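Chain and residue survey
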Amino acid sequence: MKKLYVGTNTKMYKTPSAAVEHVLKLRELTRDIAQQLELFVIPSYTSIAPCVQAVGEDILIGAQNMGWEDEGQYTGEISAPMLEEVGARLVMIGHSERRHVLHETDEEEQKKIACAARHDFKILLCVGETAQQKSYEISRETLAQQLKIGLHGLDAEIALHRLWIAYEPVWAIGVNGVPADEHYASEMHRHIKAVLEELYGDQGREIPVLYGGSVNNENAVKLIAQPYIDGLFIGRSAWSAENFNQIIREILPVFRSRDLAEK
Ligand code: PGA
């Protein structure tokens, strides 16, 4: 049975105690469907250790970023061994706010991915075009570039077992974001899967590709009903455990019937 990928990035919100309350409640609310989900939460660095202590392996806890060296003179950075020791098992690389607010480049994302690959992390690479790139009709080229540079040199074995992609169009993210139309999102997912096939062969298509960017109670079902969308990566609408649980319960049956139909 295929698992539904659902997760949230809490950005620079929630103190450690609030983050712990969130994951504890989420675990309790989703306990009966946990086997059907690949459920993950990506809190701030300071919340990782307390969240892991609170829920153990029940919810995958990830980091929002990571330095590309194991140690060194990089004041303010957090390294892979530091994250490993506190129990993070997933690391997100290249979130749009890191790329566009903090000016990270594809080359930097590539170094971080190579570092995450040397350690045992699952890797969530975020890609997405800006509104301007979309208006120039270079969305596909932009996505291909982010994937090909970011994943450059990544071993197929690791990619096929530990890599996830989040497609998050920059214009769809956050308070000013406009959610992508589900058909457009599905088309971009199809394109991402084609690039992954080019990089890793037929099996590259199995790498999970999640949609993110203003996912909410209104559009979640429409998005998950589309082919090529393997899960949802949710910000604001998932920061209340109750609402996150409600979205998961609405999309799960749709995902299940799609999975059956595709078999
Ligand atoms: P949003 O955030 O759902 O609040 O738009 C998505 C994200 O930044 O990952």
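Note: the structure precedes this text.
Just so it is clear, the model here is predicted, and its values are computed rather than measured. Along each chain, the written sequence defines residue order, and numbers are assigned to residues from 1. Confidence filtering applies because this is a predicted model: local features only for residues at pLDDT of at least 70, side-chain atom pairs given and counted only at 80 or more, and all residues used for totals across whole chains, interfaces and linings. With hydrogens and water excluded, all non-hydrogen atoms of the structure serve as input to the side-chain values.

**Let's talk about the overall build of the protein chain**
Within the protein chain one finds 11 helices and 8 strands. Note that the radius of gyration is over C-alpha atoms, with the globule rule given as 2.2 Å times the number of residues to the power 0.38. Relative to the globule expectation of 18 Å for 263 residues, the C-alpha radius of gyration of the protein chain, 17 Å, shows essentially globular dimensions. In terms of its C-alpha atoms, the protein chain occupies a principal-axis envelope of roughly 45 × 40 × 35 Å. Here a residue-residue contact requires only that any non-hydrogen atoms of the pair lie within 4.5 Å. Counted over contacts in the protein chain with a minimum sequence separation of 6, partners at least 24 positions apart contribute 73%. We get accessible surface area from the Shrake-Rupley algorithm with a probe of 1.4 Å; when it comes to residues, only the shown protein chains can shield them. Here the protein chain displays about 12,000 Å² of accessible surface, and carbon together with sulfur accounts for 51% of that area. Here the protein chain contributes 27 positively and 38 negatively charged side chains, and the mean placements of these two sets differ by 4 Å. Counting from the N terminus, the helices are DSSP H or I runs at least four residues long and the strands are E runs at least two residues long. His is not counted here, nor are the chain ends, while Lys and Arg score as positive and Asp and Glu score as negative. Where a charge sits is defined by one atom per residue type, namely NZ (Lys), CZ (Arg), CG (Asp) or CD (Glu).

**With respect to the nonpolar core**
Formed by 69 residues in total, the largest nonpolar core has its most connected members in I165, Y211 and L232. Other than its neighbours up to four places away in sequence, I165 contacts L124, L125, V127, L147, I192, L196, I207, P208, V209 and L210. We define a nonpolar core as any set of buried Ala, Val, Leu, Ile, Met, Phe, Trp, Tyr and Cys residues linked to one another through side-chain atoms lying within 4.5 Å. Here's how the labels work: a residue is buried when its accessible area is under 20% of the maximum for its type, exposed when over 50%, partly exposed in between, all with a 1.4 Å probe on protein chains only.

**Comments concerning a negative patch on the surface**
Residues E69, D70, E71 and E84 make up a contiguous surface patch of negative charge. Assignment of secondary structure puts E71 in the loop between β3 (60–63) and α3 (80–85). In this structure E71 comes out as exposed when scored by relative accessible area, which is 68%. Candidate patch residues must exceed 30% relative accessible area and have no salt bridge, after which like charges are joined if within 9 Å and Val, Leu, Ile, Met, Phe, Trp or Tyr side chains if within 5 Å. A side-chain nitrogen of Lys or Arg and a carboxyl oxygen of Asp or Glu constitute a salt bridge if their distance falls within 4 Å.

**Side note on the pairing of strand β5 (residues 122–127)**
Where burial is concerned, most of β5 is hidden: 5 out of the 6 residues are buried. For two strands to be treated as a pair, DSSP must find at least two bridges joining them. Pairing of strand β4 (residues 90–93) with β5, which is carried by 4 bridges, proceeds in the parallel orientation. Along β5, the bridge assignment pairs M92 with L124. When β5 meets strand β6 (residues 163–167), the two strands line up parallel, connected through 5 bridges. Counted as the bridge partner of L124 is W164 from β6.

**Structural notes on the site of the ligand**
Around the ligand sit K11, H95, E168, I173, G174, G213, S214, F233, G235 and R236, and that is every residue in its neighbourhood. In protein, a polar contact requires one atom able to donate a hydrogen and another able to accept it; more generally it is a pair of N or O atoms within 3.5 Å, and residues adjacent in sequence count only if both atoms are side-chain atoms. Interatomic distance of 2.8 Å between a side-chain N/O atom of H95 and an oxygen atom of the ligand. A distance of 2.8 Å is found between an oxygen atom of the ligand and a backbone nitrogen or oxygen belonging to G174. Here the ligand has 280 Å² of accessible area as a free molecule, and 100% of this is covered by the chains. Across the shell around the ligand, the residue classes break down as 2 nonpolar, 5 polar and 3 charged. We call a residue near a given molecule or strand whenever any one of its heavy atoms falls within 4 Å of it. Polar here means any residue outside two lists: the nonpolar Ala, Val, Leu, Ile, Met, Phe, Trp, Tyr, Cys and Pro, and the charged Asp, Glu, Lys and Arg; Gly therefore counts as polar.

**What about the sheet that holds strand β2 (residues 37–42)?**
Taken in spatial order, the 8 strands of this closed barrel run β1-β2-β3-β4-β5-β6-β7-β8, and their pairing is parallel. Shown here is a sheet whose adjacent strand axes are inclined to one another by a mean of 25 degrees, direction ignored. Axis definition: a line fitted to C-alpha atoms, limited for helices to the stretch in contact. Angles are taken between N-to-C directions and run from 0 to 180 degrees.

**Notes on the packing of helix α5 (residues 106–118) against helix α7 (residues 139–150)**
Contact pair α5 / α7: the axes reach a minimum separation of 8 Å and the direction vectors enclose 40 degrees. Relative to α7, α5 is oriented oblique. Across from D106, E107, Q110 and I113 in α5, the residues of α7 making contact are Q145, Q146, I149 and G150. Should an angle lie under 35 degrees it is considered roughly parallel, over 145 roughly antiparallel, and from 65 to 115 roughly perpendicular; all remaining angles are considered oblique.

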